[in-house]
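# Secondary and tertiary structure notes
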Amino acid sequence: MEAQSEPIIVTSLLVFELENAIRHSAWLRRQDRTKGISVEFATSALAALQSDLEWGRLRSEPCDLDALVRKACDISHRRTWSDGCRTMDTIHIAGALLLNANRFLTFDIVQKNVADAEGLCVDW
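Residues numbered from 1 in each chain as written. Predicted model: local features only at pLDDT ≥ 70, side-chain atom pairs only at ≥ 80, totals over all residues. Heavy atoms only, no water.

## Focus: the environment of Ala45
Within the element layout of this structure, Ala45 appears in helix 2 (residues 39-54). Along the backbone, Ala45 and Ile22 are 23 residues apart, and their C-alpha atoms lie at a distance of 7.5 Å. (Helix = DSSP H or I, 4+ residues; strand = E, 2+ residues; numbered from the N terminus.)

## Considering unusual backbone geometry
With phi around 55°, Asn100 is a residue other than glycine that occupies positive phi space. With respect to the helices and strands, the residue Asn100 is situated in the loop between helix 4 (87-98) and strand 3 (104-105). Judged by relative accessible area, Asn100 falls into the exposed class, the value being 67%. (Buried < 20%, exposed > 50% of the residue type's maximum accessible area, 1.4 Å probe, protein only.)

## Quick look at helix 5 (residues 109-117)
Along helix 5, the residues that are buried comprise Gln111, Lys112, Val114 and Ala115. The N-terminus of helix 5 is capped by Asp108, whose side-chain oxygen sits 2.9 Å from the backbone nitrogen of Val110. After helix 5 finishes, the residue Gly119 shows a positive phi value of roughly 95°. (Polar contact = N/O pair within 3.5 Å; in protein donor to acceptor, adjacent residues only side chain to side chain.)

## Considering the nonpolar core
Ile75, Ile93, Phe104, Ala115 and Leu120 are the most contacted members of the largest nonpolar core, which has 14 residues in total. At the level of secondary structure, the elements contributing two or more residues to this core comprise helix 3 (65-83), helix 4 and helix 5. Those residues within four positions of Ile93 in sequence are excluded, and the remaining contacts are Ile75, Cys85, Phe104, Gln111, Val114, Ala115, Glu118 and Leu120. (Core = buried A, V, L, I, M, F, W, Y, C linked by side-chain atoms within 4.5 Å. Contact = heavy atoms within 4.5 Å.)

Next comes the structure, spelled out in structure tokens:
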């Protein structure tokens, strides 16, 4: 992937999901020292995320929830039967489509395949 010249556009839902996943991972560590991440690491990760938003490396765009859910349902009807795409993965694909994203970032092969099939340019 080349150097980033424009901000990565994300939905507020993605920001919330990431923040919650970081906090949940710190909670998990408190339950079992062999799992999750430390509170210190979580705090640092949350600060880095906030910095990326403040400095414009990430830009959170509003997305109408009803339109997002309808689009995700359409994708689910077409793709989940054959590809097994999970709910939140489908919602993120729908958000990218509604925001007219020119790139889609993922580390998940199923999400990549569905995003490709829906016409997104996927960075893998």
